[in-house]
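# Structural characterization, general
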Amino acid sequence: MHSGNRQHQGTAVAAHPRPSPAGRTSWSVLVLLCVAQFMVVLDMTVVNVALPSIGRALHFASTDLQWVITTYLLFTGGLMLLGGRAADVLGGRRMFLAGLGIFTAASLASGLAPTAGMLIAARGAQGLGAALLSPAALALITARYTGAQRGAALATWGALASGGAAVGVLAGGVLTSAFGWRSVFLINVPVGLAAALLSLRLLPRPAARPAQSGRDLDLPGGVLVVAGLGTVVLALAGTSSSGWASARTIALLLLGAALLAGFATAERKAARPLLAPAMWRNRPLVAGMAAMFGATGILVGTFFLTTVYLQDALGATPLTAGAEFLPMVLAIGLAAHLAARLLPRVGTRVLAVTGLLLMTGGGAALAAGAGDGYGTGVLPGLLAIGLGVGLVFPAATVSGMSHVRAGQEGLASGMMTTAHEVGAALGAAVFAALGAPATAGLAGLTAGYRHGFTAAAAIAAGLAVIALLAVPSARPAPGVRTSPH
């Protein structure tokens, strides 16, 4: 067993050759991988503003429209661990290209979908492509860059997780108003094709051909985890209509918990587990996952609640609603830029706690401003949450990936991205339920909006305490590799 593990690690390292510490790796690879990841993150939120148009065009039932978003997030998050494992076993380059191809083809199918069922199926295929693409790209970044370059690269990657989601809301409004709802999917096709062609030139083939045994991928574990997460999301997504204490909700939550418990049991017995129990003893990784999970849920919940509020309560058009998120987008970008510069000086813990406290204040401000106009009731809270997210995401990414052994980059990146995508899926479901109006009309909408952001502030405050106690103070230092190997 020991020699087998050593052989696997050697194969994974060969699949992701590291540059010499004495030299610098070109940033062109980072730009390419980030462009591909930007598409994946963008598709979390670009659909939000287009949902009413999609519902009318494809005759969605009002209770089914949320699955255009949730299906994508569910498949992405549920299959991310399997995608991360595949990057380690089959090679990052191979999985990146496979994921990029599936994502691009599924984007075309989504944009051309003639029925509601075909759109939801295509969105699931998009999620599968994203689940292969994202961890492979992050594993390639972690393996190729060292020292100060790795710190800057991981901080940039973390900023994409927040910036892409924020830009998605703005881009959705512009594309829907100018070209119709199908354009929010079709825009990915030329970008994906260009990225694939550049990948063949910029990403070198691995020095050694990695093992290709299906047994190394733990497919039963992958089925159990996606089934468990899917059942939990299905339960939470239905609480707005059936209630939190209904028999349906309780039964689905219990079933989801049983499936996830079965996954944990299967992993302990598996010869080559999808998620090695030892990974949970990596404190920086687990702390980074927790911060990523909670902050993403709040961010996606903010987009959902505020988009509905701006259009249905304040009367904004889709284009105006998208544009009114622009200050938040700029705040995220500014904070992420500052985070990349501050990480080597103050460390991950300070930035994570500061960012979560800003998110707490932003949620409280939005709850207090319910019923007011955009300038006084919405904008201050959006700015605070944007600044907070821009600090938290790079800090969480660096915390999670800075102490990962060679050959485990794909698995660790899969865990980090799973936290991001599952947090998004649960955030959309939970905040949709919390923000559901108790009564019809403007009064009910405003009350639901206030309840949702009160909960967001409480969750962010709790996460700040957890980050203070659990997030290590990692400081990427120039010229020093941040991985134990």
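Thresholds applied
- Residues numbered from 1 in each chain as written.
- Predicted model: local features only at pLDDT ≥ 70, side-chain atom pairs only at ≥ 80, totals over all residues.
- Heavy atoms only, no water.
- Helix = DSSP H or I, 4+ residues; strand = E, 2+ residues; numbered from the N terminus.
- Buried < 20%, exposed > 50% of the residue type's maximum accessible area, 1.4 Å probe, protein only.
- Contact = heavy atoms within 4.5 Å.
- Areas by Shrake-Rupley, 256 points an atom, 1.4 Å probe, with all protein chains shown as cover.
- Phe/Tyr/Trp six-rings, centres within 6.5 Å; stacked < 30°, edge-to-face > 60°.
- Core = buried A, V, L, I, M, F, W, Y, C linked by side-chain atoms within 4.5 Å.
- pLDDT = per-residue confidence, 0-100.
- Axes fitted to C-alpha atoms, helices over the stretch in contact; angles between N-to-C directions.
- Parallel < 35°, antiparallel > 145°, perpendicular 65-115°, else oblique.
- Left-handed = near helix turned anticlockwise from the far one by under 90°.
- Nonpolar A, V, L, I, M, F, W, Y, C, P; charged D, E, K, R; others polar.
- Salt bridge = Lys/Arg side-chain N within 4 Å of Asp/Glu carboxyl O.
- Expected span 1.5 Å × (residues − 1).
- Patch = residues over 30% accessible without salt bridge, like charges linked within 9 Å, V, L, I, M, F, W, Y side chains within 5 Å.

## Observations concerning the overall build of the protein
- Looking only at helices and strands, one finds 18 helices and 0 strands in the protein.
- The proportion of buried residues among the 485 residues of the protein is 57%.
- Nonlocal contacts in the protein, meaning residues at least 24 apart in sequence, comprise 84% of its contacts between residues at least 6 apart.
- Element-wise, carbon and sulfur atoms account for 69% of the exposed surface of the protein, whose accessible area totals about 18000 Å².

## A word on the side chain of Ser-110
- Tracing the chain through its elements places Ser-110 in helix α5 (residues 92-112).
- On the basis of relative accessibility, which here comes to 0%, the residue Ser-110 falls in the buried class.
- When near neighbours in sequence (up to four residues on either side) are disregarded, Ser-110 contacts Leu-119, Ala-122, Arg-123, Gln-126, Trp-181 and Phe-185.

## Concerning the packing of aromatic side chains
- What the rule picks out here adds up to 5 aromatic pairs.
- With a centroid separation of 6.3 Å and 85° between ring planes, the pair formed by Trp-181 and Phe-185 is classed as edge-to-face.
- You can call Trp-181 buried: its relative accessible area is 8%.
- On the basis of relative accessible area, Phe-185 is assigned to the buried category, the value being 0%.
- On the basis of an interplanar angle of 70° and a centroid distance of 5.6 Å, the ring pair of Phe-303 and Phe-325 is categorised as edge-to-face. Of this pair, Phe-303 sits in helix α13 (residues 283-313) while Phe-325 sits in the loop between α14 (318-323) and α15 (326-368), and the two are 22 residues apart along the sequence.
- Put simply, the rings of Tyr-309, Tyr-449 and Phe-453 pair up and form one aromatic cluster.

## Details of the nonpolar core
- Grouped together as the largest cluster of nonpolar side chains are 130 residues, with contacts concentrated most on Ile-54 and Phe-96.
- Residue contributions to this core peak at 13 residues, all from α13.

## A look at the confidence of the model for the protein
- Of all residues in the protein, 85% have pLDDT values of 70 or greater, and the mean over the chain is 81.
- Contacts of residues 1-22 to residues separated by more than four positions or lying in other chains number 35 contacts, the stretch itself having pLDDT below 50.
- Counted against residues more than four places away or in other chains, residues 478-485, with its pLDDT under 50, gives 23 contacts.

## Some details on the packing of α13 against helix α16 (residues 374-401)
- Direction vectors running N to C along α13 and α16 enclose 155°, while the axes themselves pass 9 Å from each other. Comparing their axes, α16 and α13 come out roughly antiparallel. Relative to α16, α13 is oriented so that their crossing is left-handed. Touching Pro-284, Leu-285, Gly-288, Ala-291, Met-292, Ala-295, Thr-296, Leu-299, Thr-302, Thr-306, Tyr-309 and Leu-310 of α13 are Tyr-374, Val-378, Leu-382, Ile-385, Val-389, Val-392, Phe-393, Ala-396, Thr-397, Ser-399 and Gly-400, all from α16.
- Tallied by class, residues from the contact of α13 with α16 come to 16 nonpolar, 7 polar and no charged.

## Re the pattern of salt bridges
- Scanning the entire structure with this criterion turns up 1 salt bridge.
- Notably, a salt bridge pairs Arg-123 with Asp-43, separated by 3.4 Å at the nearest N-O pair. Remark: Asp-43 occurs in helix α2 (residues 28-45) and Arg-123 occurs in helix α6 (residues 116-144); sequence separation between them is 80 residues. You'll find Arg-123 and Asp-43 in the same group, each marked buried.

## Some remarks on unusual backbone geometry
- Its identity is not glycine, yet His-59 carries a phi of approximately 60°, on the positive side.
- Inspection of the secondary structure assignment puts His-59 in the loop between α3 (51-58) and α4 (67-90).

## As for α16
- The end-to-end C-alpha separation of α16 is 38 Å, in line with the 40 Å expected for 28 residues at 1.5 Å each.
- The buried fraction of α16 is high, at 22 of 28 residues.

## Comments concerning a nonpolar patch on the surface
- Judged by side-chain polarity, Trp-27, Val-31, Val-35 and Val-191 come together as a nonpolar surface patch covering roughly 310 Å² of accessible area.
- You can see Val-31 is positioned in helix α2.

## As for α5
- In this model, α5 (21 residues) spans 30 Å end to end at C-alpha, consistent with the 30 Å of a helix rising 1.5 Å per residue.
- Among the residues of α5, Gly-92, Arg-93, Met-95, Phe-96, Gly-99, Leu-100, Phe-103, Thr-104, Ala-106, Ser-107, Ser-110 and Gly-111 are the ones counted as buried.
- As for α5, its buried residues are in contact with α2, α4, α6, α8 (183-186) and α9 (188-202).

## A closer look at the environment of Ile-298
- Inspection of the secondary structure assignment puts Ile-298 in helix α13.
- Taking the relative accessible area as the measure of exposure, Ile-298 reaches 2% and is therefore buried.
- Placed 65 residues apart in sequence, Ile-298 and Gly-363 show a C-alpha to C-alpha distance of 8.9 Å.

## Let's talk about the environment of Pro-318
- As for its placement among the helices and strands, Pro-318 is situated in helix α14.
- Along the chain, Pro-318 and Ser-177 lie 141 residues apart, while their C-alpha atoms are 6.9 Å from each other.
- Other than its neighbours up to four places away in sequence, Pro-318 contacts Val-49, Gly-173, Ser-177 and Gln-311.

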